[in-house]
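# Chains, contacts and geometry: an overview
Below, each chain spelled out in residue letters.
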Amino acid sequence: MADQVFEMTQKNYDDLVKEKENLVMVKRPQIIERIAEARSHGDLSENAEYDAAREEQRSNESKIEQLEYQIKNAKIVAEIADNSFVHLNSKVTVEDVEFGDKDSYVITSVTDVDVMNGKISSESPVGAALMKHKIGDVVSIPCPDGSSYQLKIISIE
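I will try to describe carefully the structure that is included in this document. (Residues numbered from 1 in each chain as written. Predicted model: local features only at pLDDT ≥ 70, side-chain atom pairs only at ≥ 80, totals over all residues. Heavy atoms only, no water.)

### Quick notes on the packing of helix α1 (residues 10-39) against helix α2 (residues 48-72)
Where α1 meets α2, the closest approach of the two axes is 9 Å, and the angle between their N-to-C directions is 160°. As far as their axial angle goes, α2 and α1 are roughly antiparallel. In this structure, α1 meets α2 at a crossing whose hand is left-handed. Within the contact of α1 with α2, the residues separate by chemical class into 14 nonpolar, 3 polar and 13 charged. (Axes fitted to C-alpha atoms, helices over the stretch in contact; angles between N-to-C directions. Helix = DSSP H or I, 4+ residues; strand = E, 2+ residues; numbered from the N terminus. Parallel < 35°, antiparallel > 145°, perpendicular 65-115°, else oblique. Left-handed = near helix turned anticlockwise from the far one by under 90°. Nonpolar A, V, L, I, M, F, W, Y, C, P; charged D, E, K, R; others polar.)

Set out below in structure tokens:
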């Protein structure tokens, strides 16, 4: 199976590298220290502190692996300052054609998604549908059940 390619800007790439370095150089030694401290308390079979530290270590190592994979398979794309169309890092305000609801999204790379803060992937159904469209365009967003809905692009920043 081919490796997945992660399109991102240089800033997104640099952020991933910094996050990985922090996990390796700062967090990993802190976790190792907590494991050693918990071991010093004796019986590991009923040591919740030890179990929690080991779980945190597994989680940290998994995140490091994920970041290494994304960094290795990164494809750097140029930052675009042109706001006449939707591209990576565009802030797009859309209106639901049927209901009139308005929402704003920042279109990001897969590695920078934060749905709770309005950052959606350029590969998500909404993000992919909006990419390369202009203000006033109406785009169709596919739904899992096979139906779709329309969003009109109100502004691009």
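### A word on the side chain of Asp 96
Looking at where Asp 96 falls in the secondary structure, it is placed in strand β3 (residues 91-96). Despite being buried, Asp 96 has no salt bridge partner; Lys 102 is the closest side chain of opposite charge, sitting 12 Å away. Among the polar contacts made by the side chain of Asp 96, one reaches the main-chain amide nitrogen of Glu 98 at a distance of 2.9 Å. Among the polar contacts made by the side chain of Asp 96, one reaches the main-chain amide nitrogen of Phe 99 at a distance of 2.9 Å. Those residues in contact with Asp 96 that sit more than four places away from it in its chain are Asp 101, Tyr 149, Gln 150 and Leu 151. (Buried < 20%, exposed > 50% of the residue type's maximum accessible area, 1.4 Å probe, protein only. Lys, Arg positive; Asp, Glu negative; His and termini not counted. Salt bridge = Lys/Arg side-chain N within 4 Å of Asp/Glu carboxyl O. Polar contact = N/O pair within 3.5 Å; in protein donor to acceptor, adjacent residues only side chain to side chain. Contact = heavy atoms within 4.5 Å.)

### Thoughts on unusual backbone geometry
The phi torsion at Asn 89 lies on the positive side, around 75°, for a residue other than glycine. By the secondary structure assignment, Asn 89 is in the loop between β2 (74-76) and β3. On the basis of relative accessibility, which here comes to 28%, the residue Asn 89 falls in the partly exposed class. Unusually for a residue other than glycine, Lys 132 sits at a positive phi of about 70°. Inspection of the secondary structure puts Lys 132 in the loop between α3 (125-130) and β6 (138-142).

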